[in-house]
Amino acid sequence: ARKRSGTDRPDICLKIAKYHFTKKKWKKQAKALECATAMGQYKYDPNILFSLIKTYLKIAKYKKAEGLFDRFLQVKDRLPAAVRKKKVCEMYSIFAQTKEQIFYREQEDDPEADNLPLLEKAIDYWGRYQSYCGADPKSKKAVNALKKLNPENDDQKVGIEIVRRALQAPLR
């Protein structure tokens, strides 16, 4: 058997990731993409990083996805302008929706818990989305969803009002 050099490894990992994508084996795809982005030419490839972020989100590895998103934002300029805007907007939207879902789930599980930081993070992502992508029905829908929240106490009421104002500011 022929011994492969270290430079072949990222390419092989990427091929394995593509295979697992076709089989919808997200955890194995994530492992292969981690291997591909660990070194070499794909470490700062925005398309590969984008795929890995989406895969992390599919398998509920939110912290890893957020950490990788920072690296993606640093190298996003390597993408053509039209593709860049589409992918960055998609990521902001996905992260905002994910934080909202976690907030609602935790709020449902324990209404007394302080889940305001999650809501603030969702709002932050929606704000980034609006400033980078412009206001659209999706971000307006998020603002309307916030209006429907029923605070349990005064702290939550104040927090929701702060977030609501922050979200509406770009729309005015």
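Anyway, here's the lowdown on the structure attached to this text.

Here is what the cut-offs are and how they apply
Each chain has its residues counted from 1, following the order in which its sequence is written. This being a predicted model, a pLDDT of at least 70 is required before a residue's local features are given, and a value of 80 or more before pairs of side-chain atoms are given or counted; all residues contribute to the totals for chains, interfaces and linings. Each side-chain value is derived from all of the structure's non-hydrogen atoms; neither hydrogens nor water enter the calculation. Only runs of H or I of at least four residues qualify as helices and only runs of E of at least two qualify as strands under DSSP, and these elements are numbered from the N terminus. We call a residue buried when its accessible area falls under 20% of the maximum for its residue type, exposed when it is over 50%, and partly exposed in between, using a 1.4 Å probe and counting protein chains only. Residue contacts are defined here by distance: any two heavy atoms, one from each residue, within 4.5 Å place the two residues in contact. Each polar contact in these results corresponds to two N or O atoms within 3.5 Å; when the atoms are within protein, one needs to be able to donate a hydrogen and the other to accept it, and residues that are neighboring in sequence are counted only if both atoms are side-chain atoms. Only C-alpha atoms enter the line fits that serve as axes; for helices the fit covers just the stretch in contact. Angles between N-to-C directions range over 0 to 180 degrees. What makes a crossing left-handed is the near helix being turned counterclockwise from the far one by less than a right angle; a clockwise turn instead makes it right-handed. For this classification, Asp, Glu, Lys and Arg are treated as charged, while Ala, Val, Leu, Ile, Met, Phe, Trp, Tyr, Cys and Pro are nonpolar and the rest, including Gly, are polar. The salt bridge definition used is simple: a Lys or Arg side-chain nitrogen within 4 Å of an Asp or Glu carboxyl oxygen. What we call a nonpolar core is a set of buried Ala, Val, Leu, Ile, Met, Phe, Trp, Tyr and Cys residues that are connected through their side-chain atoms within 4.5 Å.

## Some words on the environment of Lys99
Its location among the elements puts Lys99 in helix α5 (residues 81-109). Owing to a relative accessible area of 11%, Lys99 belongs among the buried residues under this scheme. The contact partners of Lys99, leaving out residues within four places of it in the chain, are Glu66, Leu118, Lys121, Ala122 and Tyr125. A distance of 3.2 Å separates polar atoms of two side chains, one belonging to Lys99 and the other to Glu66.

## Description of the packing of helix α2 (residues 26-38) against helix α3 (residues 46-58)
For any two helices packed against each other, one specifies the crossing angle of their axes together with the interaxial distance. Where α2 meets α3, the axes come as close as 9 Å, and the angle between the chain directions of the two elements is 150°. α3 is crossed by α2, and the crossing has left-handed handedness. Taken together, the residues of α3 that come into contact with α2 (itself represented by Trp26, Gln29, Ala30, Leu33, Glu34 and Thr37) are Ile48, Leu49, Ser51, Leu52, Thr55, Tyr56 and Lys58. Among the residues forming the contact of α2 with α3, the class breakdown is seven nonpolar, four polar and two charged.

## Things to note about the pattern of salt bridges
Per the stated rule, a full pass over the model turns up five salt bridges. Close ionic contact of Lys64 with Glu34 constitutes a salt bridge, the shortest N to O distance being 3.4 Å. Here Glu34 lies in helix α2 and Lys64 lies in helix α4 (residues 62-75), a separation of 30 residues in the sequence. Judged by its relative accessible area of 43%, Lys64 is partly exposed. Among the salt bridges present, the one from Arg128 reaches Asp124, with a minimum N-O distance of 3.2 Å. Here Asp124 and Arg128 lie together in helix α6 (residues 116-133), a separation of four residues that amounts to about one turn. Judged by its relative accessible area of 29%, Arg128 is partly exposed.

## So, the environment of Leu52
Within the element layout of this structure, Leu52 appears in helix α3. In sequence terms Leu52 and Ala65 are 13 residues apart; their C-alpha atoms lie 7.7 Å from each other. Filtering out sequence-adjacent residues up to four positions away, Leu52 remains in contact with Ala30, Leu33, Glu34, Thr37 and Leu68.

## Concerning the nonpolar core
One finds Ile53, Tyr56, Phe69, Phe72, Met91, Tyr92 and Phe95 to be the most contacted residues of the largest nonpolar core, which totals 34 residues. If you list the elements that add at least two residues to this core, you get α1 (9-22), α2, α3, α4, α5 and α6. Counting residues in hydrophobic clusters, the runner-up holds six residues, among them Ile102, Phe103, Leu118 and Ile160.

In short, geometric facts, not functional conclusions.
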